[in-house]
Amino acid sequence: MRKTLLTGLLLLLLAACGDQQPEIPYRKVRFTVSIPSTNLNYVGGYEYFTGGVSGVVVYRYDIANFMAFDRACPHDWEEGGRVEVVNSIFLYDSLCGSMFNILDGTPVGGPSKGSLRPYNAVMEDDFMLRVFN
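Description of the structure in this document. (Residues numbered from 1 in each chain as written. Predicted model: local features only at pLDDT ≥ 70, side-chain atom pairs only at ≥ 80, totals over all residues. Heavy atoms only, no water.)

Further remarks concern the overall build of the protein chain. Scanning the protein chain from terminus to terminus reveals one helix and 10 strands. Overall, the protein chain shows an N-to-C arrangement of helices and strands of α-β-β-β-β-β-β-β-β-β-β. Split into buried and exposed, the 133 residues of the protein chain put 34% on the buried side. When contacts within the protein chain are restricted to residue pairs at least 6 apart in sequence, long-range pairs at least 24 apart make up 43% of them. As presented, the protein chain carries roughly 8,000 Å² of accessible surface, and 56% of it is formed by carbon and sulfur atoms. (Helix = DSSP H or I, 4+ residues; strand = E, 2+ residues; numbered from the N terminus. Buried < 20%, exposed > 50% of the residue type's maximum accessible area, 1.4 Å probe, protein only. Contact = heavy atoms within 4.5 Å. Areas by Shrake-Rupley, 256 points an atom, 1.4 Å probe, with all protein chains shown as cover.)

This is how it looks when you write it as structure tokens:
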């Protein structure tokens, strides 16, 4: 009985390890953006930038709040999976089919179980946005 229980526990542990996704490496992100010179000039606008692991996407949620995420998909970033904005409400990785909420980076569909890596996006004044981790 005890041997069967230990064997079952070991099999369960091995199965759980198979579901883990590779962790996205840390990259220092620090840049400023002139808001009027981009699509971030209006609510619902978004823009792609270099940096991070697979680039950074910044989305303007309202007049004073911005969301910023690494474009690396947690499920397949090692194979080049990265997200793009779809209908200004989702971020989608066409490589694996994962979809994420643009407001918080959480997965809403597809195989990815992890959220997108967020970055801070803070307005320094009415014209400049600072993105950093």
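Next up on the list: the nonpolar core. In summary, soluble globular proteins display a tendency toward joint burial of nonpolar side chains. The biggest cluster of nonpolar side chains holds 14 residues, and the ones touching the most others in it are Leu40, Val56, Val58, Leu129 and Val131. Those elements that place two or more of their residues in this core are β1 (30-34), β3 (56-60), β4 (66-70), β9 (118-123) and β10 (128-132). Ignoring any residue separated from it by four or fewer positions in sequence, one finds Val58 in contact with Leu40, Gly45, Tyr46, Glu47, Phe49, Phe66, Met67, Ala68, Leu129 and Val131. Listed in part, the 11 residues of the second largest apolar core include Phe69, Val85, Ile102 and Leu116. (Core = buried A, V, L, I, M, F, W, Y, C linked by side-chain atoms within 4.5 Å.)

By themselves these figures say nothing about function.
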